[in-house]
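Listed below, chain by chain, are the residues.
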Amino acid sequence: MQLKSIVAITGLAIVSTLTSVAEVADPPPRVEASHLAGHLHRIRCLGNVSVIASVGEDGTLLVDTGYGASAEALRDELAGLGAPPIRIVINTHGDLDHVGGNDLLAEGAVVISSPDVRRRMRDYFALPAMDVPGQPSVTLGGEATIHFNGETIRLIPMPGGHSAGDLVVHFTDSKVACIGDIVLAGTFPNADPGRGGDARRLAAVLNELVRRLPADTTVVSAHGDAMTMDELGAYIEMVDGTMAAVAAEIEAGRSLAEIVELNPLSPWAEWESPEVGLTFERWIREIYASLTGARARSVCAPVTEALERGGIDAAVARYRELKRDEPENWQFERWQLNILGYQLMARERYDDAIAILTLNVEAFPDHFNPYDSLGEAYMRAGRDEPAVANYERSLELNPDNANAVEMLDKIRGGQ
């Protein structure tokens, strides 16, 4: 995935089954708009994450900005809708697929978020802090109300479920509530402790949503289809049921490894989405961490400490050491090193980024996204040959990777 200048915790990437590059059809549109309600439009970016646009006499208000890679196409789509200049941007949380377009789309706009989003856009473990374009200029200490385009818009902080910075944006007149990634429609939640998430807190947030939102509200998750309040109720039943199943195994004295092996979540098989990493094991681990307090930290914390003390060789050695000796104590999911790679690119430390992202390719050789990210690092470093090789491998693994197609065209067009 591509990034212009800011990096935060990465979002989810949609993957497909392995097919031949010769079978690739035309790539899907980078953005696609549909009318949502009243003056609200839903714009799906890269087939994955949704941005909500309020378009009216006061200007344009955006809820999230999508990926950096889709920001220009999103801007063009807004122009096609006749949208006036963007006046306000609201970030529901700090994941990359929600703030990636801030630097391009939020120029001249007021950017509003929780304090956690601003912190995450500037800081990353032991790396030096950096000011970035599009970082929030207004951070909320509590609830707030905006009157814009003839509508009352409630901003409701609900932190600690998906992330420490979750914010609900309720368009009261349109009867639409944008909830970011608090719910991932149709699949298990993501309550990652590494970004301040907690499964128990998530369950409480979901029930608070039901209590506070009117029964005729349309609930818009950033991923997947919009939901009715009844569908949100079914989602809560899944969350409560899966948490109770894991809690019973903990009460029986079973370890995390034993619970993962037993898989008490098998009755909820229709909710698993391994293609986007939302597996039985991941949700079990997040529930277990919440119920027991045994939270694994991101491996990027000790790796960045080693990097700043001893350079890239020390960082790589530290990563390998922890993965060998303490695999249960640290988070090693593929997005951990991916995020770090983009943080380093944002600081123009391209050689360091290449080394880190090469580690990620080694760890996840069958997933397209590590190759896509490594291709971008090589491209930014001016090394076109390995950039092409990695983008081509990414495209082999996921023929729907429109970003790889675009980047290959860009590289070859400049040769």
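Structure report, in brief. The shown structure was predicted, so the numbers you read here are calculated from the model rather than taken from an experiment. (Residues numbered from 1 in each chain as written. Predicted model: local features only at pLDDT ≥ 70, side-chain atom pairs only at ≥ 80, totals over all residues. Heavy atoms only, no water.)

## Some thoughts on the overall build of the protein
When helices and strands are counted, the protein shows 15 helices and 14 strands. In summary, the protein has a C-alpha radius of gyration of 21 Å against a globular reference of 22 Å for 415 residues, a match within 12%. When the backbone C-alpha atoms are referred to their principal axes, the protein occupies close to 60 × 55 × 45 Å. The proportion of buried residues among the 415 residues of the protein is 56%. A fraction of 65% describes how many contacts in the protein between residues 6 or more apart in sequence connect residues 24 or more apart. Entry remark: accessible area of the protein is about 16200 Å², with carbon and sulfur atoms responsible for 49%. (Helix = DSSP H or I, 4+ residues; strand = E, 2+ residues; numbered from the N terminus. Rg over C-alpha atoms; globule rule 2.2 N^0.38 Å. Buried < 20%, exposed > 50% of the residue type's maximum accessible area, 1.4 Å probe, protein only. Contact = heavy atoms within 4.5 Å. Areas by Shrake-Rupley, 256 points an atom, 1.4 Å probe, with all protein chains shown as cover.)

## Examining the state of the cysteines
Counted under the stated rule, the structure contains zero disulfides. Between C178, a cysteine without a disulfide, and C45, which holds the nearest cysteine sulfur, the sulfur-to-sulfur distance is 13 Å. Judged by its relative accessible area of 3%, C178 is buried. (Disulfide = S-S within 2.5 Å.)

## Some details on the sheet that holds strand β7 (residues 138-139)
Spatial strand order, β1-β2-β3-β4-β5-β6-β7: seven strands in an open sheet with mixed pairing. Two strands in the sheet have a free side with no partner beyond their single neighbour: β1 (31-37) and β7. As paired elements, strand β2 (residues 40-45) and strand β3 (residues 49-56) share six bridges and run antiparallel to each other. Looking at the pairing, L40 lines up with S54 of β3. (Pairing = 2+ DSSP bridges.)

## Structural notes on the environment of S221
Position of S221 relative to the elements: it lies in the loop between β12 (218-220) and α6 (229-251). As for S221 and P193, which are separated by 28 residues in sequence, their C-alpha atoms are 20 Å apart. Setting aside residues no more than four positions away along its own chain, S221 makes contact with R42, I179, G180, V183, L184 and A185. A polar atom in the side chain of S221 sits 2.5 Å from the backbone oxygen of V183. At 3.1 Å, the side chain of S221 forms a polar contact with the backbone oxygen of H223. (Polar contact = N/O pair within 3.5 Å; in protein donor to acceptor, adjacent residues only side chain to side chain.)

## Thoughts on helix α1 (residues 71-80)
Buried within α1 are the following residues: A71, L74 and L78. Buried residues along α1 cover an arc of 55 degrees about the axis, so they all sit on one side. Structural note: α1 exposes D76, A79 and G80 on the side pointing more than 90 degrees away from its buried face. Trailing α1 by a residue or two, G82 shows a phi angle of about 75 degrees, which is positive. (Arc of directions from axis to C-beta.)

## Quick look at unusual backbone geometry
When glycine is set aside, most residues are seen to have a negative phi, and most peptide bonds are trans. For F125, which is not a glycine, the phi torsion comes out positive at approximately 45 degrees. For F125, the position within the fold is in the loop between α4 (115-122) and β7. For F125, a relative accessible area of 41% translates into the label partly exposed. At N263, a residue that is not glycine, the phi angle is positive and equals roughly 55 degrees. Within the fold, N263 resides in the loop between α7 (256-262) and α8 (280-292). With relative accessibility at 17%, the residue N263 sits in the buried group.

## Observations regarding the environment of D325
Along the chain, D325 falls in helix α10 (residues 312-325). In this structure, the C-alpha to C-alpha distance between D325 and E143, residues 182 residues apart in sequence, is 45 Å.

## Details of the pattern of salt bridges
A complete count under the given rule lists 25 salt bridges for this structure. Of the charged contacts, one joins E208 and R212 as a salt bridge, the two residues approaching to 3.5 Å between their closest N and O atoms. Residue E208 and its partner R212 are both found in helix α5 (residues 199-212); the two are separated by four residues, about one turn of the helix. Of the residues examined, R212 reaches a relative accessible area of 23% and is grouped as partly exposed. E376 is the salt-bridge partner of R380, the closest N and O atoms lying 3.0 Å from each other. Here R380 pairs with E376, and both are found in helix α13 (residues 368-380), just four residues apart, close to one helical turn. Note on E376: relative accessible area 0%, which makes it buried. Here the residues in one salt-bridge network are D95, D116, R119, R120, D192, R195, R282, E286 and E333, joined through shared partners. (Salt bridge = Lys/Arg side-chain N within 4 Å of Asp/Glu carboxyl O.)

## Notes on the pairing of β2
Walk down a regular strand and you will see the side chains alternate between the two sheet faces. Burial analysis of β2 places five of its six residues in the buried class, the great majority of the element. Taking the residues that link successive antiparallel strands as the turn, the β1-β2 hairpin has two residues, and the phi of G38 there is positive, at about 55 degrees. With antiparallel pairing between neighbouring strands as the criterion, β2 and β3 make up a hairpin whose turn holds three residues, including L46 at a positive phi of roughly 55 degrees.

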